[in-house]
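This is what each chain is made of:
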Amino acid sequence: MNRNNQHPNAARDERLPPVEAVVIFTRVAETGSFTAAARAMGLPLATVSKRVAELEEHLGIRLIARTTRRSSLTEPGKRFLTHGRLIVDALQRAAKEAAQAVAEPSGRLRLTMSTVLVEAGLGRLVARFVAANPKLRCEIDVSDRYVDLVAEGYDLAIRVGKLKDSTLIARKIGSTEASMFAAPSLVAERGLPLTPRALDTYPLIGEQISPADAQQWLLQHATQKQAKVEFKPRMSANSVRAIAEAIEAGLGIGRLPTFVGRKMVERGLAVPVLPEWAGPGLDISLVYAAHRGMLPGVRLLIDQLSREAGALFSGHTALAAR
């Protein structure tokens, strides 16, 4: 039966085509001849011809029309070449990434994180990683600004809270609640609120910049119904560091990631407020572009932070027991 006119009811070989044959066919099609392909791949001409014939037999179609003078792609051959190129490209990328996976990390690694994450100990973890990889150079942008990783050439970002929708990959490495804190001076003057409702009588610090005067907190408790606190903030900031400084200055009660507030409590700069109540959990995530995540240094740092960073972000219950 002519393979160009295979009967529609004929049995097909459901196995995948032999990969080597696909690669060889693609090279024959791109070089324009069996001889040129054999020379480029360092294979005997007979092997190249045999593999292409095996691929045609497997598919049940003629891919290359052969004459004594020249070879040319058939219409099915042209279509198959499109997919063959994709397969060869994928194999080349896989081989490159596999080689990188065992390569020693080297070159420059750029990452960005906020000040509070450095203070929590992430900077120390990164420094320890760099010390263990002497061929690696590291640059850390410590900033609360939003960094466009792709446009600005960064390998990795470590971010707190809800992430913007994007094509980047996010990997959670920890979480923390948003707990409430006040300066010791404010507590000495006003006392501590005993219920969420009592927060109405205290100056509060907002967490966002918006045209609206009013903001709200949703507070959760292990055994009680969720509480909603609506207020006009004494001050608002979209920076964890700015809110922490406002709390320290005695401007009002504010919410912070628990691991940040805990550090302030340990230094005598803040007092927990209603420690059995907390805002919704905040994720701490590594964010990176897919192609960057395969680089040896980036991949190994992602793995190390995923294993070790979670212990830095103590949960709400640890503070409540204080």
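Peer 1: How do you make sense of the overall build of the protein when you look at a structure like this?
Peer 2: Regarding its fold elements, the protein presents 12 helices and 13 strands. Within the protein, residue pairs in contact and separated by at least 24 positions form 73% of the contacts whose partners lie at least 6 positions apart. For the protein, the exposed area adds up to about 17,900 Å²; of that, 52% sits on carbon and sulfur atoms.

Peer 1: Help me understand unusual backbone geometry in this model?
Peer 2: In this model, Leu274 sits at a positive phi of 45°, which is unusual for a non-glycine residue. Looking at where Leu274 falls in the secondary structure, it is placed in the loop between strand S12 (271-273) and strand S13 (279-288).

Peer 1: Hey, could you run me through the pattern of salt bridges in this one?
Peer 2: Pairing between side chains of opposite charge can happen when the charged atoms of each approach one another. One pass over the full model with this rule turns up 16 salt bridges. As a salt-bridge pair, Glu20 and Arg51 come within 3.2 Å of each other at their nearest N and O atoms. Here Arg51 lies in helix H3 (residues 45-59) and Glu20 lies in helix H1 (residues 19-31), a separation of 31 residues in the sequence. By relative accessible area, which is 44% here, Glu20 ends up partly exposed. The salt bridge partner of Glu30 is Arg85, with a shortest N-O separation of 3.1 Å.

Peer 1: I'm lost on the side chain of Thr176 in this one. Help?
Peer 2: Looking at the secondary structure, you find Thr176 in strand S6 (residues 169-182). Polar side-chain contacts of Thr176 include one of 3.0 Å to the backbone nitrogen of Thr258.

Peer 1: So what exactly am I meant to see when it comes to the confidence of the model for the protein here?
Peer 2: Interpretation of the predicted coordinates at a detailed level should be avoided for regions scoring low in pLDDT. Looking at the protein, pLDDT values average 85 and 89% of them are 70 or higher. Looking over the protein, one finds the lowest element-wise mean pLDDT in helix H12 (residues 316-320), namely 43, and the highest in S12, namely 97.

Peer 1: Would you mind going over helix H2 (residues 34-41) with me for this structure?
Peer 2: The α-helix winds at 3.6 residues per turn, so residues separated by three or four positions along the chain end up facing the same way. Three or more residues of H2 are buried, namely Phe34, Ala37 and Ala38. The buried residues of H2 all sit within an arc of 100° when viewed along its axis, so they share a single face. Where H2 is buried, its residues touch H1, H3, strand S1 (64-66) and strand S2 (71-73). Following H2 by one or two positions, Gly42 adopts a phi angle in the positive range, close to 70°.

Peer 1: Would you take a moment to explain the pairing of S13 for this structure?
Peer 2: Moving residue by residue along a regular strand, the side chains alternate between the two faces of the sheet. For strand S5 (residues 156-160) and S13, the ladder comprises four bridges, and the chain directions are antiparallel. By the bridge assignment, Arg159 is partnered in S13 with Ser285. By the bridge criterion, eight bridges tie S6 to S13 in an arrangement that is antiparallel. Looking at the pairing, Gly174 lines up with Ile284 of S13.

Peer 1: Can you walk me through the packing of aromatic side chains in this structure?
Peer 2: The way to describe two aromatic rings as a pair is by their centre distance and the angle between their planes. Enumeration over the complete set of coordinates arrives at two aromatic pairs. Measuring from centroid to centroid gives 5.6 Å for Phe25 and Phe80, while their planes differ by 65°, and the two rings are edge-to-face. Here Phe80 lies in helix H4 (residues 75-101) and Phe25 lies in helix H1, a separation of 55 residues in the sequence. When sorted by exposure, Phe25 lands in the same class as Phe80, which is buried. Over the ring of Tyr154 we find Arg110; its NZ or CZ atom is 4.1 Å from the centre of that ring.

Peer 1: Got a minute to help me understand the environment of Gly206 in this structure?
Peer 2: Checked against the element boundaries, Gly206 lands in strand S7 (residues 205-206). Taking the C-alpha atoms as reference, Gly206 lies 9.0 Å from Trp217; in sequence the two are 11 residues apart. For Gly206, the contacting residues outside a window of four places in its chain are Gln215, Phe231, Pro233, Met235, Ser236, Ala237 and Ile243.

Peer 1: Can you help me understand H3 in this one?
Peer 2: For H3, spanning 15 residues, the distance from its first C-alpha to its last is 22 Å, which sits close to the expected 21 Å at 1.5 Å a residue. Residues of H3 that are buried include every one of Val48, Val52, Leu55, Glu56, His58 and Leu59, and no others. For H3, the angular spread of the buried residues around the axis is 165°, confining them to a single face. Of the exposed residues in H3, those oriented more than 90 degrees away from the buried face are Ala46 and Glu57. Where H3 ends, the next residue or the one after it, Gly60, has phi of about 80°, a positive value.

Peer 1: Explanation requested: the pairing of strand S8 (residues 215-219) in the structure shown.
Peer 2: Side-chain alternation along S8 places Gln215, Trp217 and Leu219 on a buried face and Gln216 and Leu218 on a face that remains uncovered. As judged from the five bridges shared by S8 and strand S9 (residues 227-231), these two strands associate in the antiparallel manner. When the bridges of S9 are listed, Leu218 appears paired with Lys228.

Peer 1: Any chance you could explain the nonpolar core here in plain terms?
Peer 2: Generally speaking, soluble globular proteins have nonpolar side chains that are buried together. Counting residues in each nonpolar core, the largest one holds 37 residues, and the members touching the most others are Leu117, Leu122, Ile158, Leu256 and Phe313. Filtering out sequence-adjacent residues up to four positions away, Ile158 remains in contact with Leu111, Thr112, Met113, Ser114, Leu117, Leu122, Ile173, Ile284, Ser285, Leu286 and Leu305.

Rules and cut-offs
Residues numbered from 1 in each chain as written. Predicted model: local features only at pLDDT ≥ 70, side-chain atom pairs only at ≥ 80, totals over all residues. Heavy atoms only, no water. Helix = DSSP H or I, 4+ residues; strand = E, 2+ residues; numbered from the N terminus. Contact = heavy atoms within 4.5 Å. Areas by Shrake-Rupley, 256 points an atom, 1.4 Å probe, with all protein chains shown as cover. Salt bridge = Lys/Arg side-chain N within 4 Å of Asp/Glu carboxyl O. Buried < 20%, exposed > 50% of the residue type's maximum accessible area, 1.4 Å probe, protein only. Polar contact = N/O pair within 3.5 Å; in protein donor to acceptor, adjacent residues only side chain to side chain. pLDDT = per-residue confidence, 0-100. Arc of directions from axis to C-beta. Pairing = 2+ DSSP bridges. Phe/Tyr/Trp six-rings, centres within 6.5 Å; stacked < 30°, edge-to-face > 60°. Lys NZ or Arg CZ within 6 Å of the ring centre and 35° of its normal. Expected span 1.5 Å × (residues − 1). Core = buried A, V, L, I, M, F, W, Y, C linked by side-chain atoms within 4.5 Å.

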